[in-house]
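Examination of the molecular architecture
Below, each chain spelled out in residue letters.
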Amino acid sequence: MILEVAILNVKQEMNESFVDTFKQASSIIASMKGYIRHELQRCLEREGQYVLLVWWETLEDHVEGFRQSEGYQEWKRLLHHYYDPFPVVEHYESIPL
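Residues numbered from 1 in each chain as written. Predicted model: local features only at pLDDT ≥ 70, side-chain atom pairs only at ≥ 80, totals over all residues. Heavy atoms only, no water.

Here we look at the overall build of the protein chain
Within the protein chain, the secondary structure is distributed over 3 helices and 4 strands. What you see in the protein chain, going N to C, is helices and strands ordered as β-α-β-β-α-α-β. Scaling as 2.2 N^0.38, a compact globule of 97 residues should have a C-alpha radius of gyration of about 13 Å, and the protein chain matches this with 13 Å. Based on the C-alpha atoms only, the size of the protein chain along its principal axes is roughly 40 × 35 × 20 Å. For the protein chain, the residues scored as buried account for 41% of the 97 residues in total. Working note: accessible area of the protein chain is about 6300 Å², and carbon and sulfur atoms make up 50% of it. Distance between charge centres in the protein chain, computed from 9 positive and 16 negative side chains, equals 3 Å. (Helix = DSSP H or I, 4+ residues; strand = E, 2+ residues; numbered from the N terminus. Rg over C-alpha atoms; globule rule 2.2 N^0.38 Å. Buried < 20%, exposed > 50% of the residue type's maximum accessible area, 1.4 Å probe, protein only. Areas by Shrake-Rupley, 256 points an atom, 1.4 Å probe, with all protein chains shown as cover. Lys, Arg positive; Asp, Glu negative; His and termini not counted. Charge placed at Lys NZ, Arg CZ, Asp CG, Glu CD.)

Printed below as a string of structure tokens:
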């Protein structure tokens, strides 16, 4: 299982509508092959900052499956204009302890 982590900095003037639009876009990502679950969390210290956590079965499910899908084009249309700067997305794997 892979965890996708993205820090989302939403433009101040768009902060009000972001969460509603994100809820709408959530059905897109949830329909993708390899999707397990996702969370959006709001930062308490920085207004307009969120962290998106998405669990995928494999890295390929995200970077090839989702990002090369028609659904991703709609995801981009709905969400990408909210961000400044554009988010850095990184992937993590669990370490057995």
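Some remarks on the packing of aromatic side chains
Each pair of aromatic rings is reported with the distance of its centres and the angle of its planes. Considering all chains together, one arrives at 10 aromatic pairs under this definition. For the pair Tyr83 and Phe86, a centre-to-centre distance of 6.3 Å together with 70° between the ring planes defines the contact as edge-to-face. Put simply, the rings of Phe18, Phe22, Tyr35, Tyr50, Trp56, Phe66, Tyr72, Trp75, Tyr82, Tyr83 and Phe86 pair up and form one aromatic cluster. The positively charged end of Arg37 is found above the aromatic ring belonging to Trp55, 3.7 Å away from the centroid. (Phe/Tyr/Trp six-rings, centres within 6.5 Å; stacked < 30°, edge-to-face > 60°. Lys NZ or Arg CZ within 6 Å of the ring centre and 35° of its normal.)

Examining the packing of helix 1 (residues 15-30) against helix 3 (residues 70-79)
Running from N to C, helix 1 and helix 3 cross one another at 180°; their axes reach a closest spacing of 10 Å. Taken as axis vectors, helix 1 and helix 3 run roughly antiparallel relative to one another. Along its contact with helix 1, which presents Phe18, Thr21, Phe22, Gln24, Ala25, Ser26, Ile28 and Ile29, the element helix 3 presents Gly71, Glu74, Trp75, Leu78 and Leu79. (Axes fitted to C-alpha atoms, helices over the stretch in contact; angles between N-to-C directions. Parallel < 35°, antiparallel > 145°, perpendicular 65-115°, else oblique. Contact = heavy atoms within 4.5 Å.)

Considerations on the layout of surface pockets
Computed from the structure, the largest pocket encloses a volume of approximately 180 Å³. Every residue lining the largest pocket is counted, 15 residues in all, and those nearest its centre are Glu4, Tyr72, Trp75, His80 and Val89. At 3 residues, the largest contribution of residues to the lining of the largest pocket is made by strand 1 (residues 2-9). (1 Å grid on protein atoms, 1.4 Å probe; cavity = no way out; pocket = protein on both sides within 12 Å on 5 of 7 lines; lining within 4 Å. Points joined across faces, edges and corners; volume = space filled by probe spheres on them.)

Quick notes on the sheet that holds strand 4 (residues 89-93)
Taken in spatial order, the 4 strands line up as 2-3-1-4 in an open sheet, and their pairing is antiparallel. Bordering the open sheet on either side are strand 2 (35-42) and strand 4, each of which pairs with just one other strand. Strand-to-strand twist in this sheet, taken as the mean axis angle between neighbours without regard to direction, amounts to 20°. For strand 1 and strand 3 (residues 49-56), the ladder comprises 8 bridges, and the chain directions are antiparallel. Looking across to strand 3, one finds that Ile2 is bridged to Trp56. Contacts from helix 1 reach strand 1, strand 2 and strand 3, with the element oriented near 175° to strand 2. (Pairing = 2+ DSSP bridges.)

Digging into the pairing of strand 1
Where strand 1 lies against strand 4, 5 bridges are found, and the strand directions are antiparallel. The residue bridging Ile2 from the neighbouring strand is Glu93, located in strand 4.

The analysis is restricted to geometry; functional conclusions fall outside its scope.
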